[in-house]
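Fold and contact review
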Amino acid sequence: MGHLLVVESWVGAMSGLLPRAIREGGHRFTFLTRDLHHYLRATPPGTVHPLLAADNVLTTETNDVPALLTHVAKLHETLAFDGVLTSCDYYLGTVARIAERLGLPGAAPGAVERAYRKDLARQALRRAGVPGPAFAVAQGWAETLDAAEEIGYPLVVKPVDLCAGMHVRRVDDRAGLRAAFDALAGFPVNARRQPRVPLVLLEELLTGPEVSVETVTVPAAATGSVTTVVGVTGKRLAGAPWFVESGHLFPADLPAETSRAAAETAVAALAAVGLDRGVAHTELRLTPAGPRVIEINPRPAGNQITELVRRVTGIDLPMVYAQLALGERPDLTPTDTGVRSAAISFLLPPRAGTVAGITGTDRLTDDPRVVDHSVKPAGHRTGDASSNNEYLGHVSTVDTTGAGALAAAEELVSGLAVRYADELTGAPA
């Protein structure tokens, strides 16, 4: 039985999937956070937050990395950790540094930072010749304007260090660029109270469907590392000018040659940033000129994509993630689960406001295609559908005969209706 140190987590699906995987793998964990209430606030009424299944729940300042390294080294003397990990993007680099400090298995901190930081990844991919969009990194309005005019409109504006699609938007002209720049400038600290890197990433707008490639990279003595492609996931996007993920299908319904090209590009991207250990989720656009890398995420996919993979292949990527952190060599042999495709479709808010109720869920309970569903309760306050943080619910489905899972999930989500409090009272939402 291994003892894992889990440093922070997301509060969404992975906050439950990772503790479950650790326990089912026969291991235990200690949870370390700067703000336990951040997680308890997200616990549904009448339940216990899954992170509280830890052997120990400890609090300390996780944003002060030098002090944290010293603190964790002292904890290690008493608690004897066998590995360290996180499911939260904002702490991936921190965890890599802890693993290095304690002599535990882990990817090199520099490689993790190159993978996670969108600007550093772009630069590494360009040096390695991995195809991607034309891009520029700017600081300040003057540099941003000059870079946009050099790339040409339309283009995509991104922060270099946020996730879940936050503040990623299409820009068609100078006025849109100014709005995007000002929005980023007005968001100097992320949700975990970490100061943001004050850079703007501008990219050529790519066309074509978007996919993600789910991979596992394991160190190998002879070659340095070996990357296994677990599969390619299809993706739906919505909410223009934003790029909100509205659904996923595993495996993607693509010709074998296209899937192979996407997989090869993702593997090349991981090599370019030097990531030689871990589970990764690499997003690409399938452009008319071939696959182009959108971004690299050096951790298991969110949005329950790992559950789609597990339902089809039997491979449990959160468990694999934990095994790699412990220095184990995971078994990546697919099993025949009887499921040919699995999908998730998300309910996006029609607008901002306070939810009075969501109707149409009664038809989900007895539908044999549905394996999981949930909706936000009455009283939930939602913003506009501008990022993956604003979902009002989801429906997950499977198809035992073919690639029809996503069509089924989207059909069922289309039958859900959101009622707002102001529609009932006539008062502003």
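Basis of the calculations
- Residues numbered from 1 in each chain as written.
- Predicted model: local features only at pLDDT ≥ 70, side-chain atom pairs only at ≥ 80, totals over all residues.
- Heavy atoms only, no water.
- Helix = DSSP H or I, 4+ residues; strand = E, 2+ residues; numbered from the N terminus.
- Rg over C-alpha atoms; globule rule 2.2 N^0.38 Å.
- Buried < 20%, exposed > 50% of the residue type's maximum accessible area, 1.4 Å probe, protein only.
- Contact = heavy atoms within 4.5 Å.
- Patch = residues over 30% accessible without salt bridge, like charges linked within 9 Å, V, L, I, M, F, W, Y side chains within 5 Å.
- Areas by Shrake-Rupley, 256 points an atom, 1.4 Å probe, with all protein chains shown as cover.
- Salt bridge = Lys/Arg side-chain N within 4 Å of Asp/Glu carboxyl O.
- Lys, Arg positive; Asp, Glu negative; His and termini not counted.
- Charge placed at Lys NZ, Arg CZ, Asp CG, Glu CD.
- Phe/Tyr/Trp six-rings, centres within 6.5 Å; stacked < 30°, edge-to-face > 60°.
- Lys NZ or Arg CZ within 6 Å of the ring centre and 35° of its normal.
- Pairing = 2+ DSSP bridges.
- Axes fitted to C-alpha atoms, helices over the stretch in contact; angles between N-to-C directions.
- Domains from an automatic or database assignment.
- Buried area = accessible area lost by both parts, 1.4 Å probe.
- Polar contact = N/O pair within 3.5 Å; in protein donor to acceptor, adjacent residues only side chain to side chain.

Once that is clear, we can look at the overall build of the protein. Scanning the protein for helices and strands turns up 13 helices and 19 strands. Relative to the compact-globule value of 22 Å for 429 residues, the protein shows a C-alpha radius of gyration of 21 Å, a close match. Its C-alpha atoms put the protein at 60 × 55 × 45 Å along the principal axes. Sorting the 429 residues of the protein into buried and exposed places 52% on the buried side. Contacts in the protein between residues at least 24 apart in sequence constitute 70% of all its contacts with a sequence separation of at least 6.

Together, Glu 143, Asp 146, Glu 149 and Glu 150 line one region of the surface with negative charge. With respect to the helices and strands, Glu 143 occurs in helix α7 (residues 141-151). Of the residues examined, Glu 143 reaches a relative accessible area of 43% and is grouped as partly exposed.

Bringing the packing of aromatic side chains into the picture now. In total, this model carries four aromatic pairs according to the counting rule given. Note on Phe 31 and Tyr 39: the rings are 5.1 Å apart at their centroids and 85° apart in plane angle, and the pair reads as edge-to-face. On the basis of relative accessibility, which here comes to 0%, the residue Phe 31 falls in the buried class. Its guanidinium or amino end placed over the ring of Trp 141, Arg 178 lies 4.3 Å from that ring's centre, counting from NZ or CZ. The ring of Tyr 420 has Arg 351 lying over it, and the distance from NZ or CZ to the ring centre is 4.0 Å.

With respect to topology, eight strands assemble into an open sheet ordered β13-β12-β9-β10-β11-β14-β18-β16, the strand pairing being antiparallel. Here the strands that pair on one side only, and so sit at the sheet edges, are β13 (290-297) and β16 (370-375). Within the sheet, the average angular offset between the axes of one strand and its neighbour, ignoring direction, is 25°. Its contacts with the sheet put helix α12 (residues 405-414) on β10 (224-238), β11 (244-250), β14 (341-347), β16 and β18 (393-399), and the angle it makes with β14 is roughly 25°.

Counting across every chain of the model gives 31 salt bridges. The salt bridge involving Arg 299 is made with Asp 89; its shortest N-O contact spans 3.1 Å. Taken together, the residues Arg 299 in the loop between β13 and α10 (305-313) and Asp 89 in the loop between β4 (83-85) and α4 (92-102) connect sequence positions 210 residues apart. Asp 89 shares its class with Arg 299; the two are buried. A salt bridge links Arg 285 to Glu 210, with the shortest nitrogen-to-oxygen separation between them at 3.6 Å. Of this pair, Arg 285 sits in strand β12 (residues 278-287) while Glu 210 sits in strand β9 (residues 210-220), and the two are 75 residues apart along the sequence.

Split by domain assignment, the protein resolves into domain 1 (3-104), domain 2 (120-125 + 206-317), domain 3 (133-204) and domain 4 (338-428). Look at where the C-alpha atoms of domain 2 and domain 3 centre, and you get two points 23 Å apart. Facing eight residues of domain 2, the contacting portion of domain 3 comprises 12 residues. Between domain 2 and domain 3, the buried area comes to about 960 Å², and carbon and sulfur atoms account for 65% of it. It is Arg 122, Leu 206 and Phe 243 in domain 2 that bury the most area against domain 3; as a group they hold 55% of the surface buried on that side. If you look at where domain 2 meets domain 3, you find one salt bridge. Here Glu 203 and Arg 122 are joined by a salt bridge, their closest N and O atoms 2.8 Å apart. If you look at where domain 2 meets domain 3, you find three residue pairs in polar contact (both at pLDDT 80 or more). Elements supplying a minimum of two residues to the side of domain 2 that touches domain 3: α6 (118-128) and β13.

Right, let's talk about unusual backbone geometry for a bit. In the segment running from Tyr 153 into Pro 154, the intervening peptide bond is cis, with an omega of -5°. Between Ala 240 and the following residue, Pro 241, the backbone shows a cis peptide bond with an omega angle of 10°. Structurally, Pro 241 is set in the loop between β10 and β11. With phi around 55°, Ala 80 is a residue other than glycine that occupies positive phi space. With respect to the helices and strands, Ala 80 occurs in the loop between α3 (65-79) and β4. Its relative accessible area of 43% is what places Ala 80 among the partly exposed residues.

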